[in-house]
Amino acid sequence: NGELVSIHGHKMHIYVRGDQNAPAIVFMAGHCTVAPVYDFKVLYDKLLPYFKVVVIEKYGYGYSDVWESSCDIDTLVSLQRQALALVQEAGPYFLAPHSMSGLEAIRWKQQYPEEVSGIIGIDMATPLSFSVWTNEEIQKTVRLMRILRGLRLGSILTSLNNCTLTDDEIQQHKLLKKRNVFNICCINEAKEVLENAKVVGEAGNIQCPTLLFSSNGQDQERDWVENQQKFATIMGAKLIRFD
């Protein structure tokens, strides 16, 4: 339902909808989001009267190819920028990252500040979020992902708010879940996350209008709420908390 563009011979799916003259919001998937174009729909449907909506499905996500490209932070940002250029979306954008893609949004602003009008964090991760993680914990997480993938149990761990989806879209999501949960792209991103967080953190703070929506951290790592508050203070951002 979007456009498939080719980068290095592999297809990436980009969904664009809404008034071409409206401000653009680019939704960036959290780690292991199986089908961003459907998972974000309950939210972006409400924004369409006011914004142009763009959903990026990285390699291994949604309808994009499962391709083992490098997962260092600069490559992740570069591939998404190339995809947007191929659908003639030049920015500037409001980036709306969820979870781990928060690192990509911050890095985007660090490297290409003129392309980012603002950041709207949807329970987004920051370098602070990974300051409590160790390499051993990441390796343990990767092993668990491989086991769940091998046993085909990953799909039972993901859910979907399907109130805005058609029957066909619900079926499509189920099929994409079987293909995408804990695939090699997601595993490789997990392997790189501590190094990526280090690169972003060492590059320093950004100056960027920022609005943060945060959960209570119950299903996140420890100190989630505290680190959201710290990042909001650093950014001078408004923080809106939910349960």
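Just above, that's the structure.
Read on for an overview of the structure. (Residues numbered from 1 in each chain as written. Predicted model: local features only at pLDDT ≥ 70, side-chain atom pairs only at ≥ 80, totals over all residues. Heavy atoms only, no water.)

This part is about empty space enclosed by the protein. As enumerated under the stated definition, the model contains two cavities of 30 Å³ or more in all. Roughly 100 Å³ of internal volume is contained in the largest cavity. What lines the largest cavity is a set of 13 residues, and nearest its centre among them are Tyr 59, Ser 69, Cys 71, Leu 76 and Glu 189. At the level of elements, helix H3 (73-86) and helix H7 (184-202) are the ones that each hand at least two residues to the lining of the largest cavity. Looking at the lining of the largest cavity residue by residue, the classes come out as seven nonpolar, three polar and three charged. Approximately 60 Å³ is the volume found for the second largest cavity. What lines the second largest cavity is Ile 73, Leu 76, Met 100, Leu 103, Glu 104, Glu 189, Val 193 and Asn 196. Broken down by secondary-structure element, the contributors of at least two residues to the lining of the second largest cavity are H3, helix H4 (102-111) and H7. Element by element, the count of residues in the lining of the second largest cavity is highest for H7, at three residues. (1 Å grid on protein atoms, 1.4 Å probe; cavity = no way out; pocket = protein on both sides within 12 Å on 5 of 7 lines; lining within 4 Å. Points joined across faces, edges and corners; volume = space filled by probe spheres on them. Helix = DSSP H or I, 4+ residues; strand = E, 2+ residues; numbered from the N terminus. Nonpolar A, V, L, I, M, F, W, Y, C, P; charged D, E, K, R; others polar.)

As a further point, take the layout of surface pockets. A volume near 160 Å³ is recorded for the second largest pocket. What lines the second largest pocket is a set of 13 residues, among which Pro 127, Gly 201, Gly 204, Asn 205 and Phe 231 lie closest to the centre. Residue classes in the lining of the second largest pocket are distributed as eight nonpolar, five polar and no charged.

All right, on to helix H6 (residues 167-180) then. Look at H6: 20 Å from first C-alpha to last across 14 residues, which is about the 20 Å you get at 1.5 Å a residue. Buried within H6 are the following residues: Glu 169, His 173, Leu 176, Lys 177 and Asn 180. End-on view of H6: buried residues confined to an arc of 110 degrees, all on one side of the axis. Facing away from the buried side of H6 by more than 90 degrees, the exposed set consists of Asp 167, Asp 168 and Lys 178. Taken together, the buried residues of H6 touch helix H1 (36-39), helix H2 (41-47), helix H5 (135-150) and H7. Taken from the residues just after H6, Phe 182 is the one with a positive phi, measuring 55 degrees. (Expected span 1.5 Å × (residues − 1). Buried < 20%, exposed > 50% of the residue type's maximum accessible area, 1.4 Å probe, protein only. Arc of directions from axis to C-beta. Contact = heavy atoms within 4.5 Å.)

Our focus in this paragraph is the packing of aromatic side chains. Applying the stated criterion to the full structure yields seven aromatic pairs. Aromatic pair Phe 27 and Phe 40: ring centres 5.0 Å apart, planes at 40 degrees, arrangement tilted. One end of the pair, Phe 27, is in strand S3 (residues 24-28); the other, Phe 40, is in the loop between H1 and H2, and 13 residues separate them in sequence. By relative accessible area, which is 1% here, Phe 27 ends up buried. Geometrically, the ring pair formed by Phe 27 and Tyr 44 is tilted, given 6.3 Å between the ring centres and 55 degrees between the ring planes. Of this pair, Phe 27 sits in strand S3 while Tyr 44 sits in helix H2, and the two are 17 residues apart along the sequence. Each member of the pair, Phe 27 as well as Tyr 44, carries the same accessibility label: buried. The aromatic ring of Tyr 112 is capped on one face by Arg 81, whose charged end is 3.6 Å from the ring centroid. (Phe/Tyr/Trp six-rings, centres within 6.5 Å; stacked < 30°, edge-to-face > 60°. Lys NZ or Arg CZ within 6 Å of the ring centre and 35° of its normal.)

Turning to the nonpolar core, a few remarks are in order. Ranked by size, the top nonpolar core spans 69 residues in total, and within it Ile 14, Phe 27, Tyr 44, Leu 95, Trp 108 and Phe 130 carry the most contacts. Among the elements that line this core, the one with the most residues is H7, at eight residues. Apart from residues lying up to four places away in sequence, Ile 14 is in contact with Gly 2, Glu 3, Val 54, Val 55, Ile 56, Glu 57, Ala 83, Leu 84 and Val 87. (Core = buried A, V, L, I, M, F, W, Y, C linked by side-chain atoms within 4.5 Å.)

Taking 1.5 Å per residue, 16 residues should reach 22 Å; H5 reaches 23 Å between its end C-alpha atoms and fits that length. Residues of H5 that are buried: Ile 138, Val 142, Met 145 and Leu 148. Within H5, the buried residues cover an arc of 130 degrees as seen down the axis, which keeps them to one side. Seen from the buried face of H5, the exposed residues on the opposite side, beyond 90 degrees, are Glu 136, Lys 140 and Gly 150. Where the residues of H5 are buried, they touch H7. Remark: Arg 152 follows H5 within two positions and exhibits a positive phi of approximately 55 degrees.

These values are about where atoms sit, not about what they do.
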